[in-house]
Amino acid sequence: MSLFLFLGLATSERAAIAQPPTYTILPGDTWVALAMRFNVEENELHRLNPHFNTSRQPTIGTSITLPDNAAERSGRMVRPGSESTLSTAVRFQLSPWAIAALNRLESPYRPNLYRPLFIPGDGTIRDFPPGIDSLELSVTSPDPGQALGIRGTTIDENATIIARMDGLPVSIAGTSNRFVGVVGTGAFYAGGEPELIIQVDDHPAWSQPWGFAEREWDYQELTLTGEAAEIDQQSRDEERARLRELWTHITPNPQWTDRFSTPINDFLSVTANYGARRSYNGGPYLTYHEGIDFSAYAGTPVFAPAAGTVVLAERLYVRGGAVILDHGLGIYSGYYHLSAVHVTSGQTVQPGTILGEVGTTGLSTGNHLHWDVLVNGIWVDPAAWQEQGIDCWLLEGLGSPCSPPAPTE
Ligand SMILES: [Zn+2]
C-alpha cells in the first residue's frame with residue numbers, strides 16, 4: 001500500500017515523478033516520528049515545510065511535503081526516559097548492541113536521555129501518548145458542530161486517561177486495554193488548530209494540534225408573535241441553566257447499543273438545520289439553532305432513537321412538552337414542543353419507545369419536533385452524529401457490537 005499521494009498525476013507521468021511526495025498527518029505523526037519513519041533528518045522536514053510552526057507538532061489533517069529520498073520503514077518508536085536501552089532490548093528481544101548500532105548510539109550502556117529509539121519490526125512508526133499503543137480519531141478534518149471521538153488501546157490494563165480538546169474535557173470510557181472518548185464542538189466553535197491533549201496515568205502529557213475544516217451556516221430571520229413573543233431572554237437563560245445541570249452530569253458508560261435512528265418517521269420536511277444563525281424580530285444574529293426541526297402534523301409519534309434513561313419528562317416554559325434522554329458517556333438527546341409526553345423521569349427506554357407526540361407548545365411557531373443532541377453539555381449536529389456513525393465507532397472501540405437502526409412502526 002502506498003501512502004504517498006503524487007500531485008499532478010493527471011497531467012503526465014513525468015510531472016508526477018517530478019513532484020515531491022506529500023503525506024497527510026494522522027495522530028502520532030510528530031516531527032521526530034516522521035523523521036524516523038521516513039528515514040530523513042528532522043531539519044529537512046522543517047526546511048521543506050516552512051509554513052509549519054516548528055515549535056508545535058504538525059497539525060492532524062494537514063499535508064506535509066516529504067524529501068525525495070524519503071523511504072518508509074516499519075517498526076516502533078520508543079520514547080527515552082521510560083526505560084533504559086537495556087530494558088528496551090529485553091522487551092523487543094534484540095541485542096543492546098544492535099539497538100545501539102541502529103540508532104547510532106556510541107554504546108547501549110551510556111544513558112540515552114533524549115533520543116527516541118528506533119526498533120525495527122512490524123507496524124507504523126508513530127509517537128503516541130506515553131502509555132498508549134494505538135490511537136485513532138473519528139474524523140481527520142472535523143467541522144465545527146461535530147462530535148469528535150478518540151479510541152485506542154493502552155499498554156497497561158485499566159490505565160486512567162485524561163483528555164482535553166481545546167481545553168474542553170473529553171468523556172472517557174474504558175474496558176481492560178481499550179478506551180474511547182468523545183467531546184463536542186458547538187456551532188460557534190472557532191475551529192482553527194486546537195490542541196488535543198492526552199495523559200495516561202502519571203506519564204507526561206502528549207499533545208498535537210487538530211485542524212478544522214470551514215463550514216457554511218444558514219441564516220434565518222424569525223418573527224415571533226403572540227405568546228412566543230412574550231418569552232424573554234431571562235426565561236430562556238433560567239431554563240437553560242436548569243437543564244445545563246442535567247446535561248453536564250456524565251453517566252460513565254454508553255447506554256446505547258445500536259446506531260441512533262431518526263426519532264420521527266412521518267415528518268413533512270426539515271424546517272431548520274442545526275447551527276443556523278438566528279435573528280429574532282430583526283435583531284442581531286446572536287444565537288444559533290441548537291438542533292434539527294422536523295415539521296409534522298400534531299400528534300405524530302416521536303420515538304427514542306437509541307437506548308437511554310429519561311432524565312426529564314415535563315412541560316417547560318420555553319421548550320414546551322419536553323423529554324430528555326441520558327445515553328451515557330456525556331451524550332444527551334432532547335425532544336421539545338410535544339403536545340403529549342408518554343414517558344416518565346427515571347424510566348429506561350429502548351430504540352423505538354414512544355416518547356410523546358408532536359405539538360407546538362412553548363416557543364414554537366407551528367407543529368414540529370425539535371431534536372437536539374449534546375456531548376458534555378455542548379450541542380452537536382444530530383445529522384452529523386448520524387452520518388458519521390460515531391455511535392457505533394465508539395461502541396466498537398470498546399469491543400462491543402453495534403447494529404444498524406432498529407425499525408420503528
Ligand atoms: Zn428548533
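**A few points about the environment of Arg73**
Point 1. On the secondary structure map, Arg73 appears in the loop between β2 (63-65) and β3 (75-78).
Point 2. Sequence separation between Arg73 and Asn39 is 34 residues, and the spatial gap between their C-alpha atoms is 7.2 Å.
Point 3. At a separation of 2.8 Å, a polar atom in the side chain of Arg73 contacts the main-chain carbonyl oxygen of Met36.

**Brief notes about the pattern of salt bridges**
Point 1. Summed over the entire model, instances satisfying the criterion amount to 13 salt bridges.
Point 2. Residues Arg319 and Glu239 are paired through a salt bridge, measuring 2.8 Å at the closest nitrogen-oxygen approach. With a gap of 80 residues between them, Arg319 in the loop between β19 (308-316) and β20 (320-328) and Glu239 in helix α7 (residues 233-247) connect regions that are remote in the sequence.
Point 3. Taking the relative accessible area as the measure of exposure, Glu239 reaches 8% and is therefore buried.
Point 4. Counted as one network, the salt bridges with shared partners bring together Asp29, Arg37, Glu72 and Arg126.

**Considering unusual backbone geometry**
Point 1. Not every positive phi belongs to a glycine, and Asp201 is a case in point at roughly 45°.
Point 2. Within the element layout of this structure, Asp201 appears in the loop between β11 (195-200) and β12 (206-209).
Point 3. With phi around 50°, Asn281 is a residue other than glycine that occupies positive phi space.
Point 4. One can find Asn281 in the loop between β15 (277-280) and β16 (287-288).
Point 5. Residue Asn281 is classed as partly exposed on the basis of its relative accessible area, which comes to 46%.

**Details of the pairing of strand β24 (residues 354-357)**
Point 1. Across three bridges, strand β18 (residues 301-303) lies against β24 in antiparallel orientation. Bridge pairing in β24 places Pro301 opposite Glu357.
Point 2. In the sheet, strand β22 (residues 340-341) pairs with β24 via two bridges, with the strands oriented antiparallel. Each bridged residue has a counterpart across the sheet, and for Ala340 the counterpart in β24 is Glu357.

**Overview of the sheet that holds β18**
Where strands meet in a sheet, backbone hydrogen bonds hold them as pairs that are either parallel or antiparallel.
Point 1. Here three strands make up an open sheet; going across it, the order is β18-β24-β22 and the pairing antiparallel. Only two strands of the sheet have a single partner each, and these edge strands are β18 and β22.

**Points about the packing of aromatic side chains**
Point 1. For the structure on display, the rule yields 12 aromatic pairs.
Point 2. Arranged with centres 5.6 Å apart and planes meeting at 65°, the rings of Tyr23 and Phe38 form a pair that is edge-to-face. One end of the pair, Tyr23, is in strand β1 (residues 22-24); the other, Phe38, is in the loop between α2 (31-37) and α3 (42-48), and 15 residues separate them in sequence.
Point 3. Here the aromatic rings of Trp31 and Phe52 are separated by 5.6 Å at their centres, their planes lie at 90°, and the arrangement is edge-to-face. One end of the pair, Trp31, is in helix α2; the other, Phe52, is in the loop between α3 and β2, with 21 residues separating them in the sequence.
Point 4. The rings of Phe188, Trp217, Tyr274 and Tyr288 are connected pair by pair, giving a single aromatic cluster.
Point 5. The ring of Tyr280 has Arg236 sitting right over it, with the charged end atom 4.7 Å from the ring centre.

**Quick look at the pairing of β15**
Point 1. Taken together, the four bridges between strand β13 (residues 219-222) and β15 define a ladder with parallel strand orientation. When the sheet's bridge partners are listed, Tyr219 is paired in β15 with Arg277.
Point 2. Bridge count for β15 against β16 is two bridges, and the pairing is antiparallel. Across the sheet, Arg277 pairs through a bridge with Tyr288, a residue of β16.
Point 3. Linkage of β15 to β16, two consecutive antiparallel strands, is achieved through a turn of six residues, within which Asn281 is found at a positive phi near 50°.

**Notes on the sheet that holds β16**
Point 1. Strand order in the open sheet made by the three strands is β13-β15-β16, with mixed pairing throughout. This sheet does not close on itself; its edge strands, each paired only once, are β13 and β16.

**Looking at the side chain of Thr185**
Point 1. Residue position: Thr185 is located in the loop between β10 (178-184) and β11.
Point 2. Looking at Thr185, its side chain comes within polar contact range of the main-chain nitrogen of Gly145, at 2.9 Å.
Point 3. Here Gln146 takes part through its backbone oxygen, which lies 2.9 Å from a polar atom of the side chain of Thr185.
Point 4. Among residues more than four places away in sequence, those in contact with Thr185 are Asp143, Pro144, Gly145, Gln146, Leu148, Met165, Phe212, Tyr274, Ile378, Trp379 and Val380.

Basis of the calculations
Residues numbered from 1 in each chain as written. Predicted model: local features only at pLDDT ≥ 70, side-chain atom pairs only at ≥ 80, totals over all residues. Heavy atoms only, no water. Helix = DSSP H or I, 4+ residues; strand = E, 2+ residues; numbered from the N terminus. Polar contact = N/O pair within 3.5 Å; in protein donor to acceptor, adjacent residues only side chain to side chain. Salt bridge = Lys/Arg side-chain N within 4 Å of Asp/Glu carboxyl O. Buried < 20%, exposed > 50% of the residue type's maximum accessible area, 1.4 Å probe, protein only. Pairing = 2+ DSSP bridges. Phe/Tyr/Trp six-rings, centres within 6.5 Å; stacked < 30°, edge-to-face > 60°. Lys NZ or Arg CZ within 6 Å of the ring centre and 35° of its normal. Contact = heavy atoms within 4.5 Å.

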